[in-house]
Amino acid sequence: MVILAMMADQPPPLEATPIMNEVPLLPHMVNGDSIQQVILVQVNPGETFTIRTEDGHIQCIQGPAHVPMVSPNGSVPPIFVPPGYVSQMVEENGVRKVVVLPHSSEFHPSMHPPPPHVPHYMHPHPALLPHPPHPVYSPVPGTGEIPPQFIHQPPPPTHVYQEQESRSHGRTNFIQRDERTVKMQEHLKKRLKEKQASGHTNNKLNSPPSSPLKVHNSSNTNVQNGYGNGKGQQAACGLIKQKQIGKTRASPPADSEMGESDTESKKLYNLHVSIGKPVVSDIQARSAVLSWNLPVSSQNGESQSLTPATFIFEVAVSNSSKNGKFKSVYIGEETTITLPELRPATDCHVRVSATSSSIKESVSELVSFTTESCEPDPPAAPKLINRTKNSLSLQWKSSNDNGSKITNFLLEWDEGKSGTFKECYYGNLKQYKLTKLSPSTKYLLRLAAKNDIGMSGFSETVAYYTAGIVPSPPLPPQFTEAGVTWLSLKWSPPNGMSSDDSLTYTLDMEEEDSGYGFQPKYNGEELSCTLKNLRRSTSYNFRLSACNNEGKSIPSEVVEYSTIPDKPGPPSKPSVKGKIHSHNVKVTWDPPKDNGGSDISKYFLEISETLIGTNWEVVYSGYMREHVCDHLKPGTSYRLRVSCVSKGGESPASDVLTVQTSAVPPGPCHAPCLVSKAKPREITLQWDPPSTDGGSEVTEYVVEMANSEQDEHRPVYQGLTTECTVNNLLPGRMYCFWIRAGNKAGFGPLSEKTEISTAAGPPDQCSTPLLTCKAATCVVVTWENPACNGAEICEYRLDWGQMEGSMRIIYTGPCLSYEVKGLTPATTYYCRVQAVNIAGVGVFGDIGVVTTPASVPAAVSVLHLLEEDQMEIPCPLSICLAIQWEEPCCHGSDVIGYNIEYGEKQLVTVGRVTSHILENLHPDTLYRIRIQAINNFGVGPFSHSIKAKTKPLPPDPPHLECVVFSYQSLKLKWGEGPSRALITNPTQFNLQMEDKFGR
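Residues numbered from 1 in each chain as written. Predicted model: local features only at pLDDT ≥ 70, side-chain atom pairs only at ≥ 80, totals over all residues. Heavy atoms only, no water.

As recorded in an unreviewed UniProt entry, the chain goes by the name Fibronectin type-III domain-containing protein 3a, listed as coming from Platysternon megacephalum. Listed in UniProt under the heading Sequence similarities (unreviewed entry), the comment for the chain reads: "Belongs to the FNDC3 family." The UniProt entry for the chain carries this comment under Subcellular location (unreviewed entry): "Membrane". (UniProt positions renumbered as here; feature names shortened; annotations may be inferred.)

Colleague: What's the story with the pattern of salt bridges in this structure? I'm lost.
Modeller: Counted by the stated rule, this structure contains 21 salt bridges. In this structure, E704 and R740 form a salt bridge, with 3.7 Å as the shortest nitrogen-oxygen distance. Taken as a pair, E704 in strand β45 (residues 700-706) and R740 in strand β48 (residues 734-743) lie far apart in primary sequence, 36 residues in all. A salt bridge links R797 to E795, with the nearest nitrogen and oxygen atoms 3.2 Å apart. (Salt bridge = Lys/Arg side-chain N within 4 Å of Asp/Glu carboxyl O. Helix = DSSP H or I, 4+ residues; strand = E, 2+ residues; numbered from the N terminus.)

Colleague: Quick question: what am I supposed to make of the sheet that holds strand β52 (residues 778-782) here?
Modeller: Across the sheet, which stays open at both edges, the 3 strands sit in the order β51-β52-β55 with antiparallel pairing between neighbours. Lying at the two open borders of the sheet, with one neighbouring strand each, are β51 (770-775) and β55 (817-820). Between one strand axis and the next, the sheet turns through 20 degrees on average, direction left out of account. (Pairing = 2+ DSSP bridges. Axes fitted to C-alpha atoms, helices over the stretch in contact; angles between N-to-C directions.)

Colleague: What's the story with the nonpolar core in this structure? I'm lost.
Modeller: A general tendency of soluble globular proteins is for nonpolar side chains to be buried together. Ranked by size, the top nonpolar core spans 22 residues in total, and within it L290, W292, V315, L339, V350 and F369 carry the most contacts. Looking at which element gives the most residues to this core, the answer is strand β17 (residues 347-355), with 4 residues. Apart from the residues within four sequence positions on either side, L290 is in contact with P278, V279, V280, V315, T335, T336, I337, L339, V350, V352 and V367. (Core = buried A, V, L, I, M, F, W, Y, C linked by side-chain atoms within 4.5 Å. Buried < 20%, exposed > 50% of the residue type's maximum accessible area, 1.4 Å probe, protein only. Contact = heavy atoms within 4.5 Å.)

Colleague: Explain the confidence of the model for the chain to me, please; I cannot follow it from the model alone.
Modeller: When pLDDT drops low, the exact placement of atoms in the prediction is not to be read closely. On average, residues of the chain score 76 in pLDDT, and 72% of them reach the 70 mark or higher. Contacts of residues 1-35 to residues separated by more than four positions or lying in other chains number 133 contacts, the stretch itself having pLDDT below 50. Across residues 199-261, confidence stays below pLDDT 50; counting only partners more than four residues off in sequence or on other chains, it has 155 contacts. (pLDDT = per-residue confidence, 0-100.)

Colleague: What should I look at first to understand a nonpolar patch on the surface in this one?
Modeller: On the surface, L960, F965, L970, L972, W974, F989 and L991 cluster together into a nonpolar patch covering about 750 Å² of accessible area. Of all the secondary structure elements, the ones that give two or more residues to the nonpolar patch are β67 (960-965) and β68 (970-974). No other element matches β68, which puts 3 residues into the nonpolar patch. For L970, the location among the structural elements is in strand β68. For L970, a relative accessible area of 57% corresponds to the exposed category. (Patch = residues over 30% accessible without salt bridge, like charges linked within 9 Å, V, L, I, M, F, W, Y side chains within 5 Å. Areas by Shrake-Rupley, 256 points an atom, 1.4 Å probe, with all protein chains shown as cover.)

Colleague: Help me out: how do you make sense of the packing of aromatic side chains in this one?
Modeller: Each aromatic ring pair is characterised by the separation of its centres together with the angle its planes make. In total, this model carries 20 aromatic pairs according to the counting rule given. Through pairs of rings, three or more aromatic residues link up here, namely W396, F409, Y425 and Y432. For the cation-ring pair, R641 lies above W616, with the distance from its terminal atom to the ring centre recorded as 4.0 Å. (Phe/Tyr/Trp six-rings, centres within 6.5 Å; stacked < 30°, edge-to-face > 60°. Lys NZ or Arg CZ within 6 Å of the ring centre and 35° of its normal.)

Colleague: Looking at this structure, I do not really get the sheet that holds strand β60 (residues 881-885). What am I missing?
Modeller: Backbone-to-backbone hydrogen bonds join strands into a sheet, with any given pair of strands oriented parallel or antiparallel. Ordered by their spatial adjacency, 3 strands build an open sheet running β59-β60-β63, and the pairing between neighbours is antiparallel. If you trace the sheet from one side to the other, it starts and ends with β59 (863-865) and β63 (915-918), each paired once. Each neighbouring strand pair of the sheet contributes to a mean axis angle of 25 degrees, computed without reference to strand direction. Two elements, β60 and β63, share 4 bridges in a ladder whose sense is antiparallel. Residue Q884 lies in a different strand from β63, and its bridge partner there is S915.

This is how it looks when you write it as structure tokens:
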């Protein structure tokens with residue numbers, strides 16, 4: 001027999017058995033009012049399990065079967081086994097199992113019963129189970145207490161947590177106990193790490209999961225758990241004894257191992273563990289620190305310490321009462337944790353349980369504490385109870401005050417500007433009316449509550465609109481795009497309304513000549529829509545209305561839009577009308593059966609040679625339904641097809657008509673092509689024979705040429721070869737060439753035109769430039785653009801000089817004129833122009849000659865002052881200045897005089913001389929002098945200026961007297977001024993002496 005135990009908020013579903021379907025569910029089990037322990041008793045084949053049913057009768061359940069039992073206080077009950085058997089608890093995959101195994105041959109019936117402190121289990125409910133005259137389980141000897149009874153419970157409709165394997169009742173499972181214990185401990189650690197990594201806690205409403213419990217039965221038990229005195233029990237005992245005897249004989253060494261394991265099990269059973277009351281510290285509004293000491297174990301009255309890794313601790317919290325629902329908030333190995341997510345100003349009850357893989361579960365005493373108060377919870381958003389065009393009436397409810405009474409509420413709004421929030425009300429009322437608002441305006445509002453501790457967070461932001469007026473009529477919808485069966489329209493909000501206003505639009509449509517009037521086709525907030533499933537090439541009338549909370553506007557003006565027509569169907573297969581000629585055939589066709597909703601505007605007739613395949617050529621386009629296809633090749637098969645076009649598009653092509661022309665002279669040759677590279681004055685052409693020879697071998701080819709397609713053709717080659725060279729051409733010119741082939745029947749048609757340009761050459765010779773004298777020193781040269789010979793002229797070169805053989809280039813550029821400045825008047829100049837392109841430099845044009853007109857004289861270039869020894873006639877230099885210059889160029893007219901400017905712009909005019917003395921000047925004075933020449937055309941420019949200074953006047957003669965004289969010397973004295981040492985500018989004296997003879 002295997003007993004499976006599982007802790008869960010709701011009991012797991014079990015596989016239905018006949019006995020399970022007969023027993024109803026208990027009400028508290030179904031409702032989940034309390035946490036329960038489901039014990040699943042597995043009855044093996046050949047065994048019998050005895051229980052008391054709800055009506056008080058004893059019922060025996062034959063194996064195989066699974067019997068669910070309910071333990072209401074959340075711990076594993078003691079299992080009393082018959083003599084010769086022991087119970088062992090193991091845990092695999094989260095399911096605890098109590099396995100009843102046959103004891104070894106050394107079993108002593110005098111073993112002590114379980115300890116007296118076994119938690120009691122729920123007795124049968126009076127309303128459900130009658131009081132039995134005798135308990136199902138006999139009293140435990142020496143304890144004075146009645147063992148707990150089990151309540152039979154059918155399987156609830158949830159998960160199945162049961163072991164699918166059948167457990168053997170031999171010693172093998174019992175020997176493997178230590179290995180299972182190690183695996184279970186590793187499994188618990190793995191689950192702890194996964195929960196810590198995922199951040200989730202195990203939300204159990206009952207006490208922590210029970211530890212595996214090993215209980216040895218006493219030999220004094222009169223009634224065994226799950227076994228009666230019937231034949232089925234004897235048969236089961238006999239079966240177990242046979243298996244045990246067989247195993248004992250087969251493996252003698254296992255008996256000693258079984259004895260050692262049983263001794264260890266007895267030691268673990270006698271080990272008592274207790275955990276002290278936890279301590280709460282650092283109590284906050286929503287958290288608190290919980291710590292506890294390690295459990296203390298005792299065996300046979302002796303205490304011993306345990307390492308922390310031996311235990312897994314579970315912390316459970318209840319907010320209702322000490323006997324209320326507990327919620328698991330932590331599972332792990334730590335001894336100090338922070339209790340999270342507590343409610344402010346709330347009484348909390350906490351207990352800690354310690355579990356291990358080999359000893360019983362220990363639960364601490366409850367510790368109670370009250371969390372601190374804090375600011376209120378954020379309230380719900382205010383609700384709108386009334387609105388007008390200029391007001392909004394709001395109402396709200398209080399939120400959780402968290403231990404301190406709410407004293408005031410703070411209402412904020414955005415003033416209808418969608419900006420920052422501002423306070424609009426602060427007080428203890430739970431309603432407020434906003435006034436002096438704008439009609440049809442959106443306002444954002446939020447609410448916060450305040451108590452003595454602080455202000456709560458704000459509620460969710462809500463948007464309310466004031467009442468408004470009916471929107472004005474919108475503009476008619478605008479056309480966006482049309483299809484065969486759809487129309488896309490768009491529109492804009494009415495005047496005075498923006499796209500952010502809460503408006504809905506109704507688009508009405510009326511089909512012409514339908515008789516149904518306007519029907520709504522769209523109703524929504526979008527500013528565009530696409531109407532589908534319309535008729536092709538049909539006109540529709542549309543009107544638009546805008547609607548808000550106040551009502552619907554007047555419809556807009558009616559506008560008319562049409563769908564586009566569809567593509568027409570293919571025309572009928574073309575047919576031949578009349579006789580098929582060698583070069584032409586007349587075909588006709590009928591219009592398509594379906595024109596797509598619009599008239600056919602044009603037909604296209606395409607032709608293709610059968611040998612070419614899919615290369616079609618349009619030979620006719622127009623509204624007529626017949627055409628003569630000419631320029632055909634004789635003796636050639638052609639395919640013809642027709643398509644048409646309407647407003648809806650182009651139709652598919654019709655069925656193909658095949659015709660064949662009769663044989664005639666050779667057909668047209670392919671257009672000639674250029675061989676290698678064109679030269680400036682010759683072109684080499686090459687062509688292929690015609691595609692059809694008309695039934696006779698080609699005997700001659702004729703090449704015709706023209707300057708353009710409109711000019712007259714002239715033959716340039718006649719012969720049998722398919723290549724020729726055309727000479728005497730002009731460079732950079734476009735020529736048109738045609739080829740025709742001839743046989744005995746005559747010459748065939750001309751080929752397609754080929755336009756070939758000769759290679760570019762240097763430009764032609766420029767014409768004689770036109771010279772225009774703009775002034776005596778400036779000449780404007782213009783010239784014409786010569787032939788470029790196939791390459792655009794990139795620049796012109798102007799050659800200029802006073803002699804034909806010594807000209808030089810003075811201009812290079814793209815212009816057709818140039819202004820030559822700085823020329824000499826009355827001078828002859830020569831010039832010529834040359835054009836340049838990428839192909840080379842053209843020849844210089846003819847020479848142009850120009851003579852500049854006469855003008856005023858040039859400026860005097862040489863002007864200087866004459867010294868006293870250079871003057872022919874002496875003059876006092878203190879009042880006179882002598883100047884000299886060279887005669888300048890007369891510029892075609894002789895110089896007749898000069899203007900001399902000196903001093904304060906004093907002007908003196910002299911004749912045609914090259915020197916002059918300026919008189920009556922001031923002594924010791926600086927003068928600025930310049931000169932200009934004069935001829936019959938006027939006054940020339942002034943020369944450069946020179947500076948000259950007159951000398952000072954000589955001093956008066958001093959008074960001379962003889963101071964001392966002798967027979968051989970005289971001492972003379974003159975002047976009465978200061979001593980010579982004090983004179984800054986000493987004067988030189990000239991003393992002259994003569995005797996009486998005048999020497």
